[in-house]
Every structure is written in C-alpha cells, then in structure tokens.
Amino acid sequence: MIQKLFKSMVISQIVSAMAVMLCLVIDSIMISRFLGTDAMAAYGFANPVLLVFASFGSLLSSGIQVVCSRAMGKGDEETINRCYSLSVIIATGVSLLGVLLVIVFIDPLCVVLGAKKGTAVFELTKDYLIGFVLGAPFFIAAQILVPFLQMAGQRTKLVVAVLSMTVSDIAFDLINVFWLKKGTLGMGLASTLSYVVAVAIGIVYFFRKECIYKFRAKNLGNGLFKEIAKGGVPTMVNQVSLVLLVYLVNHTMVRVGQEVAVAAYAVVSTIANIGYCIGNGISEVTLMLASISYNEEDEKSLSEIVKNQTIFSIGINLFAAIVFLVLAEPVVSLFAPADTPERGPAIFGLRIFATCLIISSINAAFKKYYQAINKVRFSESISLMQNLVFPACVVVSFGALFGTSGVWFYYPLGEVLSLIYISVYVWKKSGARYGSHKSFVCLPRGFGAAPGEAVEMDIRKVEDIQEAAIEASEFCAEKGVSKRKAMYTALCIEEMANNIVTHGFVEGKDNQIDIRIVYRNDELIVRIRDNCKGFDPVKYYEMMRPDMDDPTKHIGIRMVFKMTKDIKYVNSLGLNCLTMKI
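Residues numbered from 1 in each chain as written. Predicted model: local features only at pLDDT ≥ 70, side-chain atom pairs only at ≥ 80, totals over all residues. Heavy atoms only, no water.

1. Considerations on the overall build of the protein
- Within the protein, the secondary structure is distributed over 21 helices and 5 strands.
- For the C-alpha atoms alone, the extent of the protein along its principal axes is close to 85 × 50 × 45 Å.
- In the protein, which comprises 582 residues, the share counted as buried stands at 56%.
- Within the protein, residue pairs in contact and separated by at least 24 positions form 77% of the contacts whose partners lie at least 6 positions apart.
- For the protein, the exposed surface amounts to about 24500 Å²; the carbon and sulfur share of it is 63%.
- Across the protein, 54 positive and 47 negative side-chain charges occur, with their mean positions spaced 4 Å apart. (Helix = DSSP H or I, 4+ residues; strand = E, 2+ residues; numbered from the N terminus. Buried < 20%, exposed > 50% of the residue type's maximum accessible area, 1.4 Å probe, protein only. Contact = heavy atoms within 4.5 Å. Areas by Shrake-Rupley, 256 points an atom, 1.4 Å probe, with all protein chains shown as cover. Lys, Arg positive; Asp, Glu negative; His and termini not counted. Charge placed at Lys NZ, Arg CZ, Asp CG, Glu CD.)

Right, here's the structure in full:
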C-alpha cells in the first residue's frame with residue numbers, strides 16, 4: 001500500500017508545494033516584463049523577507065505534520081484536534097505581528113536588504129514589501145492548510161485552490177499592469193488577493209460536517225506548542241539557512257556584477273523555487289508517511305518509503321532537469337525579454353541549476369525522512385550543510401575567482417557535497433555498503449518487530465477474508481498464543497473486514513484492506529487499514545451504546561469490543577486505520 005499511497009499523494013503534494021511560490025513566480029514574470037530591471041532588482045532584494053514569512057509558515061506546517069502524523073499512528077484524535085486549534089491561533093497572532101513590524105520598520109529594513117536609500121530601487125523594494133506583507137496572514141494560512149487538507153485526504157481541493165490562486169494572481173497582475181498601474185505595490189497586492197482566494201477555497205472544508213478536525217480553544221497546553229516547534233525546527237533551520245544564503249548571494253552579485261547580476265539571480269532563484277517544489281513535495285510525503293510508520297514501528301514500510309522517495313526523486317526530476325536545460329532560453333524569456341541585460345547571465349545560471357535537481361530532491365527527502373525517525377539533529381545539520389555552509393563556500397571562493405559565472409556553481413556543488421555528507425553519516429552509523437536503499441533506513445537496534453514477530457496480509461475481495469483469518473490463527477499458533485486469543489484475533493479480522501467489504505468497498509475503485517498483526521512482549525496488536533469509505537467503529541459503538549442491551553442488535557461490533565482491551569480509530573491521509581489490542 002505504501003507505493004500506491006506515495007504515488008497518489010506525491011502529485012497533489014508537489015502542486016501544493018507550489019502554492020507558496022506560484023504567486024511570487026507570476027509577480028516576477030510580470031515585474032521583469034512590464035516594470036523593468038530596477039523593479040526586478042527590487043523584487044530580488046525583497047526575497048529574504050518573503051522567505052522569513054515562508055520560514056515561519058514552514059515551521060508550523062512541518063511541526064503540524066510531525067505531531068499529527070505521530071498522533072495518527074497512535075489513533076490519538078484529541079492531540080490532532082488540539083494541534084489544529086493551536087496552529088490556527090499561533091498563525092493568526094504571529095502573522096499579524098509580522099505585518100506590524102515590517103510596516104513600522106520598512107525603511108531601515110530595505111537598507112539592510114541592500115537597497116540604497118534615495119534610489120529608485122529603494123522605493124520599488126519598499127512598495128513591493130508593503131503590498132505583499134498585507135497578505136502575510138493569508139500567505140501563512142495557505143501553508144498550514146496544506147498539511148491538514150492532505151492528511152484529511154482532500155487532495156482534489158488542494159489542487160483546485162492552487163489553480164484558482166494562480167489564475168487569480170495572473171488576472172490581478174494584468175489589472176495592475178494595464179489598468180491601475182500601481183507598479184511593485186500593485187504586484188504585492190495582487191499576491192495578497194490571490195492568497196485570499198486560495199484560503200477561501202481551502203477553508204470551506206473545515207466548516208463541513210465531514211471535517212475530521214474540531215477547533216477547541218481550551219486545554220491547548222504549552223507542551224503541545226513545544227512539540228510543534230520541535231517538529232518544525234529542522235524546517236525552520238532549513239529556511240533560515242536559505243534566507244542567509246540568498247542574502248549572501250545578493251551581496252556577492254552586487255559586488256561582482258552590480259544590479260544586473262542581482263536581477264539575473266532573482267530570475268533564476270524564482271524559477272529554481274518552482275523546480276524545488278518537486279523535491280519539497282516528495283519530501284513532505286516522506287515526512288507524513290515516515291512519521292506514521294515510525295510511530296507504528298513498521299520497519300518494512302520505512303524501507304519502502306526510502307525506496308520510493310528515491311525512485312520518484314530521480315524519475316520526476318530527470319524530466320524537469322531536461323526541460324530546464326533544453327528550454328532555458330524560452331523559460332528565462334518569460335522573465336527577461338531579449339533586450340534586457342540580465343537575460344544572458346540568467347540563461348547560463350538556469351542551466352547550471354538544472355544539473356542539481358535530482359540530487360537536491362534526494363537530499364531534501366532524506367532530510368525529512370531523518371526528521372520523521374527522530375534524528376532531528378542530523379536533519380538540522382543536513383539543512384545547514386545543504387543550504388548554507390557548502391553553497392556559501394562555493395559562492396565566496398568561485399565568486400572571487402570567476403565572478404558572476406562562478407557564483408552559479410553553488411547549486412550543483414553544494415548538493416553533491418551534501419549527499420556525500422549524508423552518505424558518510426550513514427556509513428558510520430550503519431556500516432552498510434553503499435548502493436542499497438536499506439542502508440539509508442538507519443533505524444536503531446531493537447526497533448520494531450523482530451523477524452517472525454509480525455505478519456501482513458492484503459484483502460481485495462470477500463474470498464480473501466477467510467484466508468486472512470486462517471493465516472492469523474496460524475501465526476498465533478506459531479507464537480504460542482492461547483487458542484482463545486487466537487480465535488478472538490481471527491474473529492475480529494473476519495468481522496471488521498466483512499464490514500469493510502460489505503459497506504465500504506466502492507465499485508470501480510481499487511479497494512484494498514491492509515492487515516498487520518504484531519506479537520511482542522506477550523501483547524497481540526492488530527492494525528487494519530483500508531482505502532474505502534470512511535467509517536469510525538469507535539464512534540459508532542458509542543452512539544449505539546443505548547441499544548447494546550438488546551442481544552439482537554449490533555452483534556458483530558459488540559463482539560469485537562468485548563474481545564479487545566483497547567481499540568482506536570483514526571482517519572489519516574484519506575485512509576481508515578483501526579488498531580486493536582486483543
């Protein structure tokens with residue numbers, strides 16, 4: 001099921017990853033083509049501030065995914081709802097504070113960013129920041145809506161929201177350019193309005209009856225915030241490293257190539273952000289799935305995740321790299337027409353960037369994977385090496401030796417050095433040979449069920465149910481489980497699987513039930529996961545409790561609850577997941 005789930009999630013997640021960047025890309029195209037080189041340089045100077053807001057949104061988004069995914073692995077709905085409620089409150093408060101700070105300190109901020117006071121570029125930078133920052137709350141809201149919608153299985157709604165945002169931004173930009181003529185201020189406001197559109201579409205789900213999240217402003221607790229912050233720190237380190245790197249590259253470009261080089265870098269970095277969305281999308285899927293599997297101590301699934309993240313990184317990014325290499329000139333032409341001075345350097349820089357896409361995606365996926373399996377310090381160190389230390393060394397040294405052309409090589413060289421860094425760590429920790437994806441799974445000794453302690457079965461049709469029950473009985477017999485407990489296990493599987501097949505299977509859909517039984521420390525745990533219609537047997541049992549005294553009603557589900565000492569249900573990633581302790 002992992003491969004199928006990875007495949008079904010990755011496209012919507014890649015598109016969702018573009019939600020944060022698409023408006024900025026469209027602004028960049030419109031600014032470069034209609035407002036000129038000074039305006040494009042102003043956009044480049046404003047980038048670090050945009051990345052700061054993106055950093056905070058990413059911290060929340062990533063922390064949400066880690067905390068909620070682990071809660072899903074435990075069937076802990078209360079923590080999921082508390083996480084949802086707290087993230088809404090924090091995002092609202094911090095984004096409004098950020099808006100206030102930028103507006104109050106706008107002049108010194110523009111100077112720090114590199115725009116000289118009294119110049120046209122300074123005023124253009126100031127205008128764009130004011131227009132953009134007014135939409136910061138919606139900018140951040142769009143980021144935190146993504147993981148919640150993805151975890152709820154609302155992938156279609158994500159795609160619709162992103163496409164609507166893109167169309168809106170193009171329309172608003174054109175209105176600004178040809179009618180309102182408000183320059184970079186209008187471009188920033190266009191982004192603001194398009195984020196409003198995206199959030200308005202996405203937020204509808206949270207007011208529907210079928211929404212799996214419940215907003216509760218009470219009993220949030222400081223501990224949960226610390227968990228979210230801890231889960232998001234690796235992503236924050238990643239984003240802060242990027243902010244510092246962009247700042248360094250901007251100042252290096254000014255020194256070796258003046259404003260034209262800054263404008264060229266703004267073009268390439270904007271296009272690069274779209275390219276990076278592929279790796280970011282793959283890595284976010286990795287984070288969600290690996291967090292759930294790690295909490296379930298499912299070593300086999302983690303191995304499959306590492307394998308699939310690598311396959312998808314190579315396959316999708318190979319295509320993207322070829323597109324950028326072959327179509328570098330027409331792609332750059334969207335931002336820099338033939339008569340603009342930044343066009344030539346930008347074409348060269350984009351082709352250099354294209355060579356790093358595959359390795360960059362692999363590095364990003366491993367970074368999120370190690371975060372998911374609780375190797376947080378290592379994940380943070382990868383961010384520092386990948387996004388600051390290695391590329392900064394190349395920027396400084398190659399910039400001094402080869403000028404503007406040399407700076408671009410930080411893209412591939414930084415990624416290659418980062419992959420070497422990851423490989424050396426894995427080799428030291430696992431002692432495994434290179435070439436095997438299993439060597440990068442890198443789990444601690446004693447993790448998960450030992451060989452022979454677990455068995456897995458798939459059910460795709462009603463005839464498979466009896467075979468699964470027999471296999472479960474045989475597994476219990478091998479482990480020395482009592483006949484009574486073995487019988488309970490088989491009966492629970494039969495009853496729940498029959499319910500799913502009868503009431504949950506959707507005609508024309510590739511319906512699948514995945515069963516995993518673990519016997520460990522004299523405890524027997526059965527996990528049933530399916531991709532069928534949503535149904536919460538725990539909630540149903542509570543609702544039907546008044547009828548339970550009647551022996552003729554709800555016989556099957558009553559029997560299951562009597563044969564289990566603990567039973568939990570959670571809907572995660574659009575899947576039903578039921579965990580029973582026999």
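The structure having been displayed, the exposition proceeds.
2. Some remarks on the nonpolar core
- In this structure, Met151, Phe206, Tyr213, Leu302, Tyr370, Tyr410 and Tyr411 are the most contacted members of the largest nonpolar core, which totals 145 residues.
- Here this core takes 28 residues from helix α10 (residues 222-295), the largest share from any one element.
- Residues within four places of Phe206 in sequence aside, it is in contact with Tyr84, Leu145, Phe148, Leu149, Cys211 and Tyr213.
- With 35 residues, the next largest nonpolar core counts Ala468, Ile493, Ile513 and Leu578 among its residues. (Core = buried A, V, L, I, M, F, W, Y, C linked by side-chain atoms within 4.5 Å.)

3. Focus on the packing of aromatic side chains
- Enumeration according to the criterion identifies 27 aromatic pairs in this entry.
- Between Phe148 and Tyr213 the ring centres are 5.0 Å apart and the planes differ by 75°, which places this aromatic pair in the edge-to-face class. In this pair, Phe148 is assigned in helix α7 (residues 136-151) and Tyr213 in the loop between α9 (183-203) and α10, connecting sequence segments 65 residues apart. In this structure, Phe148 and Tyr213 share a single accessibility class: buried.
- Pairing Phe206 with Tyr213 gives two aromatic rings, centres 5.9 Å apart and planes at 25°, and the pair type is stacked.
- Using a relative accessible area of 11% as the deciding quantity, one classes Phe206 as buried.
- Three or more aromatic residues link up through ring pairs in this structure, and these residues are Phe366, Tyr369, Tyr370, Phe378, Tyr421, Tyr425 and Phe440. (Phe/Tyr/Trp six-rings, centres within 6.5 Å; stacked < 30°, edge-to-face > 60°.)

4. What to know about the environment of Glu259
- Here Glu259 is to be found in helix α10.
- A sequence separation of 221 residues divides Glu259 from Asp38, and the C-alpha atoms of the two residues are 7.8 Å apart.

5. Regarding empty space enclosed by the protein
- One pass over the full model with this rule turns up 3 cavities of 30 Å³ or more.
- Volume-wise, the second largest cavity comes out at about 100 Å³.
- What lines the second largest cavity is a set of 11 residues, and nearest its centre among them are Ala142, Val146, Leu158, Ala161 and Ala198.
- Considering every element that reaches the lining of the second largest cavity, the biggest residue donor is α7, with 4 residues.
- Classifying every residue of the lining of the second largest cavity gives 10 nonpolar, 1 polar and no charged. (1 Å grid on protein atoms, 1.4 Å probe; cavity = no way out; pocket = protein on both sides within 12 Å on 5 of 7 lines; lining within 4 Å. Points joined across faces, edges and corners; volume = space filled by probe spheres on them. Nonpolar A, V, L, I, M, F, W, Y, C, P; charged D, E, K, R; others polar.)

6. Examining the pattern of salt bridges
- Following the criterion strictly, the structure yields 13 salt bridges and no others.
- For Arg527, the salt bridge identified is with Asp514, shortest N-O distance 3.1 Å. Of this pair, Arg527 sits in strand β3 (residues 523-530) while Asp514 sits in strand β2 (residues 513-520); the two residues are 13 residues apart in sequence, bridging distant segments of the chain.
- Taking the shortest distance from any N to any O, the salt bridge between Lys565 and Glu523 comes out at 3.8 Å. Residue Lys565 is found in the loop between α21 (555-563) and β4 (566-572), and its partner Glu523 is found in strand β3; the two are separated by 42 residues along the sequence.
- Through salt bridges with shared partners, a single network forms among Asp298, Lys300, Glu456, Asp514, Arg516 and Arg527. (Salt bridge = Lys/Arg side-chain N within 4 Å of Asp/Glu carboxyl O.)

7. Side note on the packing of helix α6 (residues 120-133) against α9
- Direction vectors running N to C along α6 and α9 enclose 20°, while the axes themselves pass 7 Å from each other. The orientation of α6 with respect to α9, classified from their angle, is roughly parallel. For the pair α6 and α9, the sense of crossing is right-handed. Contacts between α6 and α9 involve Leu124, Asp127, Tyr128, Ile130, Gly131 and Phe132 on the former and, on the latter, Thr184, Leu185, Met187, Gly188, Leu189, Ser191, Thr192 and Tyr195. (Axes fitted to C-alpha atoms, helices over the stretch in contact; angles between N-to-C directions. Parallel < 35°, antiparallel > 145°, perpendicular 65-115°, else oblique. Left-handed = near helix turned anticlockwise from the far one by under 90°.)

8. Here we look at helix α5 (residues 106-113)
- Listed in full, the buried residues belonging to α5 are Ile106, Cys110 and Leu113. Along the long axis of α5, the arc covered by the buried residues comes to 60°, so they all point the same way.
- Note on α5: the residue one or two positions beyond its end, Gly114, has a positive phi of about 120°. (Arc of directions from axis to C-beta.)

9. Digging into the pairing of β3
- Where burial is concerned, most of β3 is hidden: 6 out of the 8 residues are buried.
- Pairing between β2 and β3: 8 bridges, direction antiparallel. Bridge pairing links Asp514 to Arg529 in β3.
- Hairpin connection, β2 to β3: the antiparallel pair is bridged by 2 residues, and Asn521 has positive phi, about 55°.
- In this structure, β3 lies alongside strand β5 (residues 575-581), joined through 6 bridges in antiparallel fashion. Across the sheet, residue Arg527 finds its bridge partner in β5, namely Thr579. (Pairing = 2+ DSSP bridges.)

10. Brief notes about unusual backbone geometry
- Residues other than glycine seldom take positive phi values, yet Lys181 does so here, at roughly 55°.
- Under the relative-accessibility criterion, Lys181 is labelled exposed at 60%.
- The phi angle at Asn374 is positive, at roughly 75°, despite the residue not being glycine.
- The topology assignment puts Asn374 in the loop between α14 (357-372) and α15 (376-402).

11. Focus: the side chain of Asn531
- Mapped onto the elements of the fold, Asn531 is located in the loop between β3 and α20 (537-543).
- Overall, the relative accessible area of 11% leaves Asn531 in the buried class.
- At a separation of 2.8 Å, a polar atom in the side chain of Asn531 contacts the main-chain amide nitrogen of Gln512.
- With near-sequence residues (within four places) excluded, Asn531 lies in contact with Lys509, Asp510, Asn511, Gln512 and Leu575. (Polar contact = N/O pair within 3.5 Å; in protein donor to acceptor, adjacent residues only side chain to side chain.)

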